[in-house]
Amino acid sequence: MTDDPFVTHRSLLFTVAYEMLGSVADAEDVVQETWLRWADVDQPGVRDPRAYLVRIVTRQALNRLRSVSRRREEYVGEWLPEPLLTSPDAAEDAELAENVSIAMLTVLETLGPAERAVFVLREVFETPYDEIAEVMDKTPAAVRQIAHRAREHVAARRPRMQVDRAQQQTAVEKFMAAICTGDVQGLVEVLAPDVVLFSDGGGLVAAARRPITGVEKVVAFLARGAARVPNLVATTAWLNGMPGARFDIGGSATAVSLVVEDGRITRIYAIRNPHKLGGLERVAELRR
């Protein structure tokens, strides 16, 4: 039934849940729970179905976030968000693309559940404070305070991102070519001096357990890894609204999201945990 508000807003609900959880599987579970709750509602009596559905999905995501936060504290190595395969069109909403980027989701991981929910609703989806207050069971004044704290926290940690997609794509292509050909000098030239590499293997595949900082250490790490796999296949991929790369080694994949500033790569996020790569199988539709 195409005029069902749930169907109409499904992509929006997934985007809210994913932005709050950084996990495709958890976001899909939360959207499913939202559908079950929506099915029990007296739908004709709902004045604003979009706001009502966002309220349900946010509450479900908040509950899920509180339970997964404990699991993530025990995670082996770095916990990175699950990458999403998106179409190039996703970059047309530059603000949304930046907010769902792996870099931003990694920063949002450092917020508490309440701060993350308020930040996502206010900064990403421009939800009015009184509506957020209703979702959070708090006063609008309390929500404003939480939003202020969350904004300051994110501003202090978010990396600067290059808006020029063509320059970003050029940097990604140089990076891929250098990795595949073992061109150490090419890597040095495309990486910023203070580049940081984050790698997530979840204890299941080889990955750096801690961030690697500085061009010399990052180049040495990447060159060592590439030298072990002569049959490396690299393809460009739009990940979370940004140009990224996918590396295939035998039967395993690695999704690589990059932050580019002034033509050079400042952050590398390599997601290798096989349980986190289901989002690469089909294009996700993100909406505000």
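Quick caveat: nothing in here was measured; it's all calculated off a predicted structure. (Residues numbered from 1 in each chain as written. Predicted model: local features only at pLDDT ≥ 70, side-chain atom pairs only at ≥ 80, totals over all residues. Heavy atoms only, no water.)

A few words on unusual backbone geometry. Even without glycine at this site, D137 takes up a positive phi of about 55°. Along the chain, D137 turns up in the loop between α8 (129-136) and α9 (140-157). Residue D262 is not a glycine yet carries a positive backbone phi of 55°. By relative accessible area, which is 63% here, D262 ends up exposed. (Helix = DSSP H or I, 4+ residues; strand = E, 2+ residues; numbered from the N terminus. Buried < 20%, exposed > 50% of the residue type's maximum accessible area, 1.4 Å probe, protein only.)

Bringing the pairing of strand β6 (residues 264-271) into the picture now. Burial analysis of β6 places six of its eight residues in the buried class, the great majority of the element. Where strand β5 (residues 252-261) lies against β6, seven bridges are found, and the strand directions are antiparallel. Bridge assignment links A255 to a residue of β6, and that residue is I271. Linkage of β5 to β6, two consecutive antiparallel strands, is achieved through a turn of two residues, within which D262 is found at a positive phi near 55°. (Pairing = 2+ DSSP bridges.)

Take the pattern of salt bridges next. Scanning all chains against the criterion turns up 17 salt bridges. For D93, the salt bridge identified is with R288, shortest N-O distance 3.0 Å. Highlighted residues: D93 in the loop between α4 (49-73) and α5 (94-99) and R288 in the segment after β6, separated in sequence by 195 residues. Overall, D93 belongs to the partly exposed group, its relative accessible area being 26%. In this structure, D200 and K276 form a salt bridge, with 2.6 Å as the shortest nitrogen-oxygen distance. (Salt bridge = Lys/Arg side-chain N within 4 Å of Asp/Glu carboxyl O.)

What follows concerns the sheet that holds strand β2 (residues 212-213). With mixed pairing, six strands are arranged side by side in an open sheet as β2-β1-β6-β5-β4-β3. Lying at the two open borders of the sheet, with one neighbouring strand each, are β2 and β3 (233-239). Across six bridges, the pairing between strand β4 (residues 242-249) and β5 is antiparallel. Following the sheet pairing, F247 is matched in β5 by T254. Against the sheet, helix α10 (residues 165-181) engages β1 (191-200), β3, β4, β5 and β6, with an angle of about 15° to β4. (Contact = heavy atoms within 4.5 Å. Axes fitted to C-alpha atoms, helices over the stretch in contact; angles between N-to-C directions.)

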